[in-house]
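An overview of the molecular structure
So you can see what is in the structure, the chains are spelled out below.
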Amino acid sequence: MKRFLVCLSLVMFCAATTAAEAAKTIKLGVVTKPGSAQNIVADKFKELLEQRSNGELEVKIFHSGSLGNETEILQQIQIGAVELGVITSGPFDSFDPIVRVIDYPFLFKDHQQADQILDGPLGAEILTSLEGSGFKGLCFSENGFRNLTNSRKAVVRPEDIEGLKIRVMSSALHKSIWQTLGANPTPMPWPIYTELEQKVIDGQENPLWVLEVYKFFEIQKYMTLTRHVYSAHIDVASLNWWKELDGETRDLIQAAMCEAAKYQRSDNRSKNQARLALLKEKGMQVEENPDIDAFRKQVADLKDIDLFSTPEVNTLLRKVIEQTR
Ligand code: EAX
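Presented here is an overview of the structure given in this document. (Residues numbered from 1 in each chain as written. Predicted model: local features only at pLDDT ≥ 70, side-chain atom pairs only at ≥ 80, totals over all residues. Heavy atoms only, no water.)

1. Some details on the packing of aromatic side chains
Per the stated rule, a full pass over the model turns up 10 aromatic pairs. Ring geometry for Phe95 versus Phe135: centroids 5.6 Å apart, planes at 80°, classification edge-to-face. With Phe95 in the loop between β3 (84-88) and α4 (111-118) and Phe135 in strand β4 (residues 135-145), the pair connects residues that are 40 residues apart, well separated along the chain. Like Phe135, Phe95 is buried. Sitting above the plane of the Tyr214 ring, Lys33 keeps its charged end 4.8 Å from the centroid. In this structure, Lys44 packs its charged tip against the face of Tyr263, placed 4.4 Å from the ring centre. (Phe/Tyr/Trp six-rings, centres within 6.5 Å; stacked < 30°, edge-to-face > 60°. Helix = DSSP H or I, 4+ residues; strand = E, 2+ residues; numbered from the N terminus. Buried < 20%, exposed > 50% of the residue type's maximum accessible area, 1.4 Å probe, protein only. Lys NZ or Arg CZ within 6 Å of the ring centre and 35° of its normal.)

Structural data, given as structure tokens:
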């Protein structure tokens, strides 16, 4: 009997230690590979949090799709299997349509305006809304302004897009944008190099860093600086997990993530000019002055379609349009 009790208490001791250790390790998911915009946020966050918690909190980054695509990472965060994620705003679309406000085409004129809105009360409204789908929205980092690339032809005007097979993110809004522009949009999760290489799709749209890090210059001859959507990342935590953390830990995580986000946004922006030069050097043909007015006109009515029909999304979109005019 005595022997049994010793064994039992040992087992309980071991179980308790494992639970305590596990609580200290925080899993963070990103779909992209090292060097990507998402990974720069994640790496900076890890560095800051581990330093400031004196090693009490450890961040384990799962990258390069090891947890699945962005929708799958979000599902794991929802149920608490993964604690944190740095995820492109697009795929949040099927969880909370309020994110369509950020991805509305030609909304932000420049980075300053994006920061002003997303770091202000309207951004806060979006982050709070995400709690309805099980996410604690922490802050916004960025993918950047998205540009169209393809392997078939130079695109200057919307007419040039007619019939091009363009990969889009898993987002009803993105699909509508490209349908409205006359393309044949194909939703597909990240990554997409093979599909581009094998010409299952003609083109895609993403910020400049993607073309460099994922070497799309090898397989996409034409780029048009459309800057049609400002693509944010939403840095989120699992809401159930968040609720169980003490106040001090929450503050540490929130501050480290927002600092990492600010660091990454400025890092990303500072590299864009050099990236453009590199892509040209690698042989991409870049259209720097497309007919943006024509593109803008063609998608202008998107705000009146069903995509924005919930009263909350509609009201917020109109507020943001008002403030970015
Ligand atoms: O960050 O799926 C996409 O197009 C995203 O922008 C991708 O994660 C690259």
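That covers the picture; the talk isn't over yet.
2. A look at the environment of Ser171
Looking at where Ser171 falls in the secondary structure, it is placed in the loop between β6 (165-168) and α6 (172-180). For Ser171, a relative accessible area of 8% gives the class buried. As a C-alpha pair, Ser171 and Val41 span 130 residues in sequence and 23 Å in three-dimensional space. Apart from residues no more than four positions distant in its own chain, Ser171 is found in contact with Gly90 and Asp93. (Contact = heavy atoms within 4.5 Å.)

3. Looking at the site of the ligand
Surveying the vicinity of the ligand reveals the residues Val31, Thr32, Gln38, Glu70, Thr88, Asn143, Arg146, Arg167, Met169, Trp190, Asn206 and Trp209. In this structure, an oxygen atom belonging to the ligand sits 3.1 Å away from a side-chain N or O atom of Asn143. At 2.7 Å from an oxygen atom of the ligand is found a side-chain nitrogen or oxygen belonging to Asn206. Here the ligand loses 99% of its free accessible area of 260 Å² to cover by the protein chains. Looking at side-chain class alone, the shell around the ligand contains 4 nonpolar, 5 polar and 3 charged residues. (Near = heavy atom within 4 Å. Polar contact = N/O pair within 3.5 Å; in protein donor to acceptor, adjacent residues only side chain to side chain. Areas by Shrake-Rupley, 256 points an atom, 1.4 Å probe, with all protein chains shown as cover. Nonpolar A, V, L, I, M, F, W, Y, C, P; charged D, E, K, R; others polar.)

4. Observations concerning the pattern of salt bridges
In this structure the tally under the stated criterion is 17 salt bridges. With a shortest N-O distance of 3.6 Å, Arg275 and Glu212 are connected by a salt bridge. With a gap of 63 residues between them, Arg275 in helix α11 (residues 272-281) and Glu212 in helix α8 (residues 208-213) connect regions that are remote in the sequence. Put simply, Asp115, Asp119, Glu142, Arg265 and Arg269 are held in one network by salt bridges that share partners. (Salt bridge = Lys/Arg side-chain N within 4 Å of Asp/Glu carboxyl O.)

5. Observations concerning helix α3 (residues 70-79)
Looking at α3, one finds that the buried residues are Glu70, Thr71, Ile73, Leu74 and Ile77. One side of α3 carries all its buried residues, which in axial view fall inside an arc of 160°. Where α3 is buried, its residues contact β1 (25-29), α2 (37-52), β3, β4 and β10 (230-238). Of the residues flanking the start of α3, the one acting as N-cap is Asn69, its side-chain oxygen 3.0 Å from the backbone nitrogen of Thr71. (Arc of directions from axis to C-beta.)

None of this, on its own, says anything about what the molecule does.
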